[in-house]
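# A structural walkthrough
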Amino acid sequence: MAKTYDYDLFVIGAGSGGVRASRVAAAHGARVAIAEEYRVGGTCVIRGCVPKKLLVFGAHFAEDLMDARRFGWKIGTCKFDWPTLRDNVLAEVERLEGIYQDILDRHEVETFAQRATVTGANEVTLADGTKVSAATILIATGAHPAIPDVPGAGHGITSNEVFHLESMPKRVMIAGGGYIANEFAGIFHQFSCHVTIVNRGDIILRHYDEQVRDRLLQISLTKGIEFKFNAPFETIEKGKGGKLTVKLAGQDPIGTDLLLWAVGRDPNTAGLGLDKVGVELGKNKAVLVDEDNQSSVPSIYAIGDVTDRVQLTPVAIREGQAFADTLFGGKPTRVDYANIPHAVFSHPPIASVGLTEGEAREKLGGYKTFTSDFRPMKNVLAGRNERSLYKLIVEEGTDRVVGLHMIGPDAPEILQAAAIAVKAGLTKAQFDDTIALHPTMAEELVLMR
Ligand code: NDP
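Residues numbered from 1 in each chain as written. Predicted model: local features only at pLDDT ≥ 70, side-chain atom pairs only at ≥ 80, totals over all residues. Heavy atoms only, no water.

To continue, consider the environment of A14. Mapping A14 onto the fold places it in the loop between β1 (7-12) and α1 (16-27). Taking the C-alpha atoms as reference points, A14 and K228, 214 residues apart in sequence, are found 38 Å from one another. Dropping the residues within four chain positions of it, A14 is found in contact with V19, I34, A35, E36, R39, V40, G41 and G42. (Helix = DSSP H or I, 4+ residues; strand = E, 2+ residues; numbered from the N terminus. Contact = heavy atoms within 4.5 Å.)

Shown next as C-alpha cells:
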C-alpha cells in the first residue's frame, strides 16, 4: 500500500517562489502546507524589490521638483520628510503581505507562521516541536545579505534594516559595487546624503556591459557620489553618538553616519537540517539542484535564491511555477534561463538583456555594435546634462540582435518590451523595419544605423 503523508507538498519559505509553487500545486489539487518564520512575501515584497522601488520613486522627486521649475512651475521651498515616506512604504508592504497571505488562504494552503527544519527525507519539524510528513518538500528559503568578516562589521546595517531607519543620515558609506550599492547610492544621494561607495575591485556592476556601467559611474561622479576602488575594509569603530570611523586599507580613516553592507547575498540553508538528511550543498551552501529543481534527495526540491542560480524574483517565480506544473500538474516544464532581462534601479536606471559586448567577443564568431548616445528631450529643457546610452549587439552572419543594453530614464520599462524581440531572435533588419514612435526615447532602438 502506498505510504500516506500529512501533505503532498510542504514548502519552507513563503517568498515569491514559495508562494507561487504552493498556490499552483494547490490549484492542481495537491494538499499543501507552507512554513514562514518571518513575514509572508519574502525578500522581494518585505525588504527588497517592492519597498526599494517605492524609495526610488520617492527619491526621484528631488530631481523632478527641480526640473519642474524649468517647465514653468512655481514651487516654494520643498522639504523632504523621511518618516512620512518610510511609514507609507512600510504600510504598503503590510498591505501586500496581507494580499500574499490571502492568496495562500484562498488556495487552502495551510500556513505555519514559524520556522521549519528538515528532519527526514519526508519529514519537517516546526519550531514548536510538531512533526509533519510530506511526500515532497520544497526549500524556498531565499538568501540573506552577506556581511564580511571584518572587525566591527556589526556596526554596519544591511538591506534588511535600511527601510526602517529612524532618520536620514548625513553621510552614508555603501560597501559593494553591485545592484544594492548603486540603487541605494542613488536613493540616499537624492535625499541629500553624502554617499561614498567602497568597492573591493575597480569594477561596478561586473555583469553589465562595460560602456553602460561606465556611463553610470560617470553620471554618479558628476552628481557628487564618491567612489573608493580597490579599497578593502580593515576596521569599523563606533564612537560617541553612534558615528562610525572606517579604516580602509592604505587610506586615512573616514567618518560616516551609516555603513550599508551590499556585498552579495548568501543562501539561507544554515540550521535547516539539509546536510543531515543528505542534501548536497554547493558553493556558498546553496542547495544543488538539477534542471527540474530536484536535490540529491529525490523527495526534496529547491527553488529561488537558496539555489544561487539567478537571484531574481521573476526567476524564482518561474521556477516555482515549473516545479508545481511538473510535479502536480502533469505538465513537465523547465525554466529557460536564456535572455533574462535585468535592471538596476539606479539614478538613471540601467536595463539589459542578452550578451554584453565582452561576452559577444568571447562567444561569437563575429559581431557588430550599434549605439545611440543622446540627451533625452526632457533633460535638454530641464538643463540636465545627463546623456542616455542605448547599445545593440548584433551577431554577424545571422543579423540577430543578441544583446541590448540601456542606461537612461525609464530604461527598464522600455527594455521589458524590447526583450521580447531579443528573446524571439529578431534581426537588426526587423528592428529597422519598425517605424519609429516619435517623439520618444525608445524610438532610438529602431533608428540605430
Ligand atoms: P551584487 O552581487 O550585485 O554585488 C556584490 C558586490 O559586492 C560586488 O561589487 C562584489 O565585487 C562585492 N563583493 C562581493 N563579495 C565581497 C566581499 N567579500 N567583500 C567586499 N566586496 C564584495 O550583490 P548585492 O548585494 O548588491 O545584491 C545581491 C543580489 O540581489 C544581486 O546579485 C541580485 O541578484 C539581487 N538584486 C537584484 C536587484 C534588481 O534586480 N534590481 C536589486 C537588488 C538586488 P566583485 O564585483 O568584485 O565580485
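A grouping of F71, W73 and L381 is seen on the molecular surface, where their side chains present a nonpolar patch of about 350 Å² in accessible area. With respect to the helices and strands, F71 occurs in the loop between α3 (49-70) and α4 (82-106). F71 sits in the partly exposed class, given a relative accessible area of 39%. (Patch = residues over 30% accessible without salt bridge, like charges linked within 9 Å, V, L, I, M, F, W, Y side chains within 5 Å. Areas by Shrake-Rupley, 256 points an atom, 1.4 Å probe, with all protein chains shown as cover. Salt bridge = Lys/Arg side-chain N within 4 Å of Asp/Glu carboxyl O. Buried < 20%, exposed > 50% of the residue type's maximum accessible area, 1.4 Å probe, protein only.)

Here we take up the packing of aromatic side chains. Evaluation of the coordinates by the stated rule reveals twelve aromatic pairs. Taking 4.1 Å as the distance between ring centres and 10 degrees as the angle between the ring planes, the aromatic pair formed by F80 and F191 counts as stacked. Of this pair, F80 sits in the loop between α3 and α4 while F191 sits in the loop between α5 (179-190) and β9 (194-198), and the two are 111 residues apart along the sequence. A residue is classified by how much of its surface remains accessible, and F191, at 8% relative accessible area, is buried. One aromatic cluster in this structure is built from Y7, F10 and F112. (Phe/Tyr/Trp six-rings, centres within 6.5 Å; stacked < 30°, edge-to-face > 60°.)

The sheet built from three strands is open, its strands ordered β11-β12-β13 with antiparallel pairing. Where the open sheet ends on each side, the last strands, each with one partner, are β11 (233-238) and β13 (254-256). Here the strands of the sheet are splayed against their neighbours by 25 degrees on average, with no regard to which way each runs. Sheet analysis places β11 next to strand β12 (residues 244-248), joined by five bridges and oriented antiparallel. Looking across to β12, one finds that F233 is bridged to L248. (Pairing = 2+ DSSP bridges. Axes fitted to C-alpha atoms, helices over the stretch in contact; angles between N-to-C directions.)

Every one of the 18 residues lining the ligand counts as a neighbour, but I180, R200, R206, Q311 and A343 are closest to it. A distance of 3.0 Å separates an oxygen atom of the ligand from a polar backbone atom of Y179. Contacts to the ligand include V263, whose backbone N or O atom sits 3.5 Å from a nitrogen atom. Burial of the ligand by the protein chains amounts to 74% of its free accessible area of 910 Å². Looking at the shell around the ligand residue by residue, the class counts come to seven nonpolar, six polar and five charged. (Near = heavy atom within 4 Å. Polar contact = N/O pair within 3.5 Å; in protein donor to acceptor, adjacent residues only side chain to side chain. Nonpolar A, V, L, I, M, F, W, Y, C, P; charged D, E, K, R; others polar.)

With that out of the way, let us pick up the state of the cysteines. What the rule picks out here adds up to zero disulfides. Of all cysteine sulfurs, the one in C193 lies closest to C78, which takes part in no disulfide; the gap is 17 Å. Look at C78 and you get partly exposed, because its relative accessible area is 41%. Since its relative accessible area comes to 4%, C193 is described here as buried. (Disulfide = S-S within 2.5 Å.)

These results come straight from atomic positions and should not be treated as a statement about function.
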